[in-house]
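Structural features, examined
Here is what each chain is made of, one letter per residue.
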Amino acid sequence: MAAKKRKTTTKKADDVLHIGIDLGTSRSAIAASNGKRNWVESYVGWPKDFVARKMLGKEILFGEEALKNRLSVQLVRPLENGVIREGTDRDVEAVKELLHHLIGLVEPGENQKIHAAVGVPAEALRVNKLAIRDTVREYADALMIVSEPFAVAYGQGALNNALVIDIGAGTVDFCIMHGTMPGEEDQRTLTTGGDYVDRQLLGRLTERFPAASFNQTQVRHFKEQYGFVGKTNGRVKVSVPVEGKPVEHDITDAVQQTCGSIIAPIVEATIDLIARYDPEFQDQVKRNIFLAGGGSQIRGIITELEDALKEYGSFKVAAVDDPLFAGADGALALAQDMPQEYWDEMG
Amino acid sequence: MKLERPATREDRNEILRGVYEENLRIVRNEQRPRTRIVRFVRAPATRWTGRVALAALALLVIFGGVQLVREIQAPEARAAGTEEDAAARIAREFDAGAAAQAASASIAGVFDLEVRTIVLDPGHGGYDPGTTGRAGTREKDITLDVARRLRRRLDAYGAFDVLMTREDDRKVHLRERVAFAREQRADLFVSIHVNALPDTAVTSVETYYFGLTEDERTLRSAARENVGSELSNAEFRDALDRAGETMKFQESKQLATSIQSTLFRSIRQVNADARDWGAKSGPFVVLLGVEVPSVLAEIAVLSNPTEESRLNDPAHRERLAGALEAGILAYLRGPLSESMESATHYGSQEEKDDD
């Protein structure tokens with residue numbers, strides 16, 4: 001019966017473009033079945049006025065370009081702390097534009113149908129799921145949304161006895177996989193993601209170097225470039241202007257302490273989540289922990305996490321290969337694996 | 001690190017079907033069935049206050065079951081003719097066993113009492129700003145904002161009627177708040193406040209519930225009734241009333257403990273120095289008047305300048321709302337389903353034996 005149904009509804013491969021999207025707080029990525037992949041910073045900017053529009057020559061800017069021209073645009077980062085920021089029309093519109101832009105980047109054929117699987121922060125899926133679905137629907141013929149850590153797990157083939165920890169900008173999402181679709185009880189969300197680290201780091205640096213002019217964007221770049229936990233062999237020195245003159249500042253301790261502050265909550269949530277399962281299952285999960293998201297790139301984080309978890313048993317933590325695209329790739333794999341009859345219901 | 005796709009094709013198909021079904025639910029705006037959460041079916045005839053008698057009777061069944069099992073397990077003890085009164089023994093048994101469990105779990109969960117209407121009570125408002133921080137942040141604004149965020153979060157489940165005692169910046173008297181909760185037939189009542197402390201360096205979290213002391217006499221009376229020690233109508237009514245008090249007290253305490261736990265954990269993530277002042281009873285009029293599980297959460301401390309600064313960050317207020325949401329849901333999920341199953345099993349055993 002199912003096979004017959006599938007036969008009548010299956011499209012030719014070229015008729016449908018499967019895409020996987022990772023709609024992230026900080027960066028959004030897309031992977032398509034035509035082999036194209038791309039990503040963009042999750043910023044949307046509308047020129048503030050006629051002059052700005054004329055100068056920029058665009059009605060709307062995305063990602064790094066929007067960020068660079070932030071003084072000339074109304075800059076919106078629509079997802080904050082893992083949810084559509086304030087639920088305002090502007091935020092929803094920004095999500096729509098961002099998705100439209102992303103889909104354009106993989107160049108779907110003119111008459112190709114788009115079947116999209118979209119990974120969103122677990123918190124967004126919980127709080128804004130209908131809004132997000134409505135937002136995406138405009139640009140896809142059929143779509144499914146899933147939580148981001150689940151998309152990563154699917155892409156990694158970590159479907160059973162595994163824990164994915166997605167350290168994103170807005171949130172840190174945990175998802176236990178045990179061979180079935182994870183439920184809310186299998187997931188946790190912390191708000192100590194990258195943005196939290198940025199704010200903490202900015203606070204520490206401003207306090208430590210009151211004369212220097214640090215800003216949030218700059219601090220984020222420092223974190224991404226120099227972020228580490230645990231021991232370090234060298235010092236982190238950056239040049240920041242003081243009264244107009246470039247001055248070198250040693251920010252090693254601030255970076256170390258701030259990045260290290262995310263370890264304890266991650267350990268606590270990990271133990272809390274795993275402890276709910278059977279001991280036998282716990283042991284398997286402990287050896288199958290995957291770190292994803294930008295935070296997985298913090299130097300030393302795997303060692304530090306394993307050390308911190310040591311008192312609870314033997315843990316094996318690994319980072320996914322391609323964190324920037326792990327969510328999008330996973331969502332794409334899911335989109336491609338999804339039976340056609342399921343897609344038919346999702347239009 | 002790519003795995004070798006250890007899951008079977010069946011696993012994969014199962015997961016894909018799960019994704020599909022989850023999305024169907026989203027499209028239809030349905031709630032995903034969650035494990036161990038009380039059912040949210042509105043049944044006006046058997047709402048909280050009206051269910052006290054049912055719950056008390058169920059308590060009696062549990063006591064009887066405990067007693068029965070105890071007697072089955074230890075007939076020799078019975079034969080030995082202990083001088084201890086049976087009722088007292090059951091009471092002791094209950095105190096040591098079921099009550100100990102109940103202290104860490106929800107009776108509402110045990111009896112599968114529904115929670116449908118949640119009333120959120122943003123403290124202060126209008127000409128009453130509550131406490132004010134050094135930078136001018138007013139408690140009334142914070143409580144209203146957090147309550148709105150919490151309502152949005154709870155609304156997203158589609159399973160609750162979430163109401164607020166005030167929707168905007170206006171003064172609502174305590175008696176009006178209580179009356180509102182009663183009129184709306186609230187099942188849970190959560191009052192949101194922000195603290196002010198003489199020591200401005202201190203940040204703390206505390207959650208209050210109203211209650212006097214745990215009335216063990218209520219439980220003992222019920223135990224005695226179960227083993228055949230007859231109570232007069234008046235005594236039975238008294239026992240029911242006190243059972244109701246105990247349930248409200250216990251449920252409020254449980255709800256407060258749950259909220260306190262999630263709230264503190266959440267705040268500790270951004271402030272390692274925050275102090276956990278725990279869930280505790282306090283003489284708050286607004287809690288006294290409400291007949292259902294009710295708590296008053298002091299979600300932050302406005303007298304601390306750093307905390308005040310955090311409270312002006314929407315993300316932090318969202319975090320607080322998330323913590324309150326998690327506390328409420330953790331309470332509703334109640335880990336005692338299994339215990340109830342055990343209790344029910346005891347009851348079944350009794351019936352079987354009677355047969």
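Residues numbered from 1 in each chain as written. Chains lettered and ligands numbered in written order. Predicted model: local features only at pLDDT ≥ 70, side-chain atom pairs only at ≥ 80, totals over all residues.

1. Let's talk about helix α8 (residues 174-183) of chain B
Residues and elements named next belong to chain B. For α8, the full list of buried residues reads Arg 177, Val 178 and Ala 181. For α8, the arc enclosing every buried residue in end-on projection is 95 degrees, short of the 170-degree limit, so these residues lie on one face. α8 presents Arg 175, Glu 176 and Glu 183 as exposed residues on the side facing more than 90 degrees away from its buried surface. The positive-phi residue at the C-terminal boundary of α8 is Arg 185, with phi of around 55 degrees. (Buried ≥ 20, exposed ≤ 12 C-beta atoms within 10 Å, placed from the backbone. Helix = DSSP H or I, 4+ residues; strand = E, 2+ residues; numbered from the N terminus. Arc of directions from axis to C-beta.)

2. As for the packing of helix α7 (residues 139-155) of chain B against helix α13 (residues 314-333) of chain B
Residue and element names in this part refer to chain B. Interhelical geometry of α7 versus α13 gives an angle of 55 degrees and a closest axis separation of 8 Å. Here α7 is positioned oblique relative to α13, judged by the angle of their axes. The hand of the α7/α13 crossing is right-handed. On the side of α7, the interface is formed by Ile 142, Asp 145, Val 146, Arg 149, Leu 150, Arg 153 and Leu 154, while α13 contributes Arg 317, Glu 318, Leu 320, Ala 321, Gly 322, Leu 324 and Glu 325. (Axes fitted to C-alpha atoms, helices over the stretch in contact; angles between N-to-C directions. Parallel < 35°, antiparallel > 145°, perpendicular 65-115°, else oblique. Left-handed = near helix turned anticlockwise from the far one by under 90°. Contact = placed C-beta atoms within 7 Å.)

3. Regarding the confidence of the model for chain A
Residues and elements named next belong to chain A. The pLDDT averaged across chain A works out to 85; a share of 91% of its residues lies at or above 70. Of all secondary-structure elements in chain A, the lowest mean pLDDT belongs to helix α1 (residues 2-9), at 32, while strand β17 (residues 317-319) reaches the highest, 95. Taken together, the stretch residues 1-11 has pLDDT below 50 and engages in 11 contacts with residues farther than four places along the chain or on a different chain. (pLDDT = per-residue confidence, 0-100.)

4. Structural notes on the pairing of strand β4 (residues 204-209) of chain B
Residues and elements named next belong to chain B. The buried fraction of β4 amounts to six of the six residues, a majority that puts the element mostly inside the structure. What you see with β4 is no split at all: Ser 204, Glu 206 and Tyr 208 on one side and Val 205, Thr 207 and Tyr 209 on the other are buried throughout. Two elements, β4 and strand β5 (residues 275-281), share five bridges in a ladder whose sense is parallel. Each bridged residue has a counterpart across the sheet, and for Tyr 209 the counterpart in β5 is Ser 281. Note that β4 and strand β6 (residues 294-301) share four bridges and pair antiparallel. When the bridges of β6 are listed, Tyr 208 appears paired with Leu 296. (Pairing = 2+ DSSP bridges.)

5. Focus: the environment of Lys 48 of chain A
Residues and elements named next belong to chain A. Along the chain, Lys 48 falls in the loop between β4 (44-47) and α2 (50-56). When the C-alpha positions of Lys 48 and Arg 70 are compared, they lie 9.6 Å apart, and in sequence the two are 22 residues distant. Other than its neighbours up to four places away in sequence, Lys 48 contacts Ser 72, Val 73 and Gln 74.

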